[in-house]
Amino acid sequence: MRDWMKLAGISPDEITDKAVFEKRRQLMRASVAAGVGGFIGGGVTSASAAPLSGDIIKTDWTTDEEHTSFDAATSYNNFYELGTAKEDPKRHARRLKTEPWSVRVEGACEKPGTYTLEDILKPHAIEERVYRLRCVEAWSMVIPWNGFALADLLKRFEPTSAAKYVAFETVVQDDLPGVRRNVLDWPYREGLRIDEAMHPLSFMAIGMYGEHMPNQNGAPIRLVVPWKYGYKSIKSVVTIRFQEETPETSWNLSQPSEYGFFSNVNPDRSHPRWSQAKERRLAGDSGGLSALFTPKIDTRFMNGYAEEVAGLYAGMDLQKFH
Ligand SMILES: Nc1nc2c(c(=O)[nH]1)N[C@H]1C(S)=C(S)[C@@H](COP(=O)(O)O)O[C@H]1N2
Ligand SMILES: [Mo]
């Protein structure tokens, strides 16, 4: 079985200053080798980085916490189709083909079909949501996403009463380095219970920091579910399926004993191999690797969104249904 902590080259629980230093050196070397300009000093970070057009509506979904810099959020990524090292997604970003793009909508709904990206986007006003993103590996970021409520998208397809869950899949492009190496059983799959999907916090993002979604962050359209571990926030979505059964999810398929279906952030439920009580925040508004990790901070129940979402799990044993 795959040990993704090892693959990622980082062990949050045992991380030492030296390891952080080594990681920074590797990242710096990677960005120099890729010829994309420095992380420090802010070079172009993605082939697709370009400002979103039109107004972006500010919302109350925000936080006073310091935002992670654009450079850090687009240089330290998990996107296994593009490789398993944190710098791989940026390095290989140009290999992901995002045009043309369409999303296939299937299953228990009145309006199934293949929708072009344009069809998908047309009716939606674009909002900003500043959310915490907490990776199961015990690091986190604060990211201003641009997009629209997942519920507003799903309602357009008129799910039927058989739609108890929503399943999502990422594009499979055979020539991507991680896809070729079969590091997971592709396509990358995720899913939500229908009430989770319809919760106003669940978000479809088409951009971040006012820019079109960089390829390494899941262009052209991805899910963001801020109270769950980051792996639920599936990138580069091409399939949405309404179904009666609990969807298969990639990390659960890969290591069922370690990754459950719900994956709500929970500082009181350890991963079998490390504690989830604390995290390191990638902060900093000046870019720069020197600002990459803060010392450990406390992880919050449901990633700090319990007031909004804890009701979805009333009466459930969260140790069992993790
Ligand atoms: N298709 C796909 N989606 C994915 C992943 C992936 O490997 N493939 N990684 C997940 C994980 S583990 C995290 S933490 C987030 C990271 O999102 P970011 O790179 O935009 O911060 O994406 C998630 N979505
Ligand atoms: Mo993650």
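Computed from a prediction, not measured in an experiment: that's the story for all the values here.

The rules we used
Residues numbered from 1 in each chain as written. Chains lettered and ligands numbered in written order. Predicted model: local features only at pLDDT ≥ 70, side-chain atom pairs only at ≥ 80, totals over all residues. Heavy atoms only, no water. Helix = DSSP H or I, 4+ residues; strand = E, 2+ residues; numbered from the N terminus. Contact = heavy atoms within 4.5 Å. Areas by Shrake-Rupley, 256 points an atom, 1.4 Å probe, with all protein chains shown as cover. Phe/Tyr/Trp six-rings, centres within 6.5 Å; stacked < 30°, edge-to-face > 60°. Buried < 20%, exposed > 50% of the residue type's maximum accessible area, 1.4 Å probe, protein only. Near = heavy atom within 4 Å. Polar contact = N/O pair within 3.5 Å; in protein donor to acceptor, adjacent residues only side chain to side chain. Nonpolar A, V, L, I, M, F, W, Y, C, P; charged D, E, K, R; others polar. Pairing = 2+ DSSP bridges. Axes fitted to C-alpha atoms, helices over the stretch in contact; angles between N-to-C directions. Salt bridge = Lys/Arg side-chain N within 4 Å of Asp/Glu carboxyl O. Core = buried A, V, L, I, M, F, W, Y, C linked by side-chain atoms within 4.5 Å.

Visitor: Residues and numbers for the overall build of the protein, please.
Guide: Along the protein, the regular secondary structure elements total 10 helices and 13 strands. For the protein, restricting intrachain contacts to residue pairs at least 6 apart in sequence, the fraction spanning at least 24 positions comes to 74%. Carbon and sulfur atoms provide 51% of the accessible area of the protein, an area that totals close to 13,500 Å².

Visitor: An account of the packing of aromatic side chains is needed here, citing residue identities and associated values.
Guide: Tallying each qualifying case throughout the model produces 13 aromatic pairs. Considering the side-chain rings of Tyr131 and Phe203, the 6.2 Å spacing of their centres and the 80° angle between planes classify their relative orientation as edge-to-face. Of this pair, Tyr131 sits in strand β4 (residues 127-134) while Phe203 sits in strand β8 (residues 203-208), placing them 72 residues apart in sequence. Of the two residues examined, Tyr131 and Phe203, each falls in the buried class.

Visitor: Can you tell me about the site of ligand 1, naming the residues and giving the values?
Guide: Close to ligand 1 lie 18 residues, the nearest being Asn77, Tyr80, Glu81, Arg222 and Lys235. At 3.1 Å, a backbone N or O of Asn78 approaches a nitrogen atom of ligand 1. Burial of ligand 1 by the surrounding chains reaches 99%, relative to a free accessible area of 530 Å². Partitioned by chemical class, the residues of the shell around ligand 1 number 9 nonpolar, 6 polar and 3 charged.

Visitor: Tell me about the sheet that holds strand β11 (residues 237-243), and please be specific about residues and values.
Guide: Here we have 5 strands laid out as an open sheet, ordered β3-β2-β11-β6-β7, and mixed in their pairing. Edge positions in the open sheet fall to β3 (113-116) and β7 (189-193), since each of these has one partner strand only. Along the sheet, successive strands turn relative to each other by an average axial angle of 20°, direction set aside. Relative to β3, strand β2 (residues 102-107) is paired through 4 bridges, and the arrangement is antiparallel. For Val105, the partnering residue across the bridge sits in β3 and is Gly113.

Visitor: Could you give an account of the pattern of salt bridges, with specific residues and numbers?
Guide: This model, assessed by the stated rule, comprises 21 salt bridges. A salt bridge links Glu158 to Lys111; the nearest nitrogen and oxygen atoms lie 2.7 Å apart. Of this pair, Glu158 sits in the loop between α6 (150-156) and β6 (165-170) while Lys111 is found in the loop between β2 and β3, placing the two residues 47 residues apart along the sequence. Here Glu248 makes a salt bridge to Arg189, at a shortest N to O gap of 2.9 Å. Linking Glu248 in the loop between β11 and α9 (250-254) with Arg189 in strand β7, this pair joins segments that are 59 residues apart in sequence. Taking relative accessible area as the criterion, Glu248 reaches 46% and is therefore assigned partly exposed. Using a relative accessible area of 13% as the deciding quantity, one classes Arg189 as buried.

Visitor: Please provide a residue-by-residue account of the environment of Asp298, values included.
Guide: Within the fold, Asp298 resides in strand β13 (residues 296-298). Using a relative accessible area of 52% as the deciding quantity, one classes Asp298 as exposed. Apart from the residues lying within four places of it in its own chain, the contact partners of Asp298 are Ala277, Lys278 and Glu279. Among the polar contacts made by the side chain of Asp298, one reaches the side chain of Lys278 at a distance of 2.6 Å.

Visitor: Describe the nonpolar core, naming the residues involved and giving the relevant values.
Guide: Judged by nonpolar contacts, the single largest core of 75 residues is most densely connected at Trp145, Phe168, Trp227 and Phe242. Discounting chain neighbours no more than four positions away, the residues touching Phe242 are Val105, Glu106, Gly107, Ala108, Cys109, Leu154, Phe157, Pro159, Ala163, Tyr165, Val166 and Ile194.

Visitor: Explain the pairing of strand β12 (residues 278-282) to me, and be specific about the residues and the numbers.
Guide: Extensive coverage of β12 is indicated by the burial of 4 of its 5 residues. Pairing analysis gives 3 bridges linking strand β5 (residues 139-149) to β12, with the strands arranged parallel. When the bridges of β12 are listed, Ser140 appears paired with Arg281. Taken together, the 3 bridges between β12 and β13 define a ladder with antiparallel strand orientation. Within the sheet, the bridge partner assigned to Lys278 lies in β13 and is Asp298.

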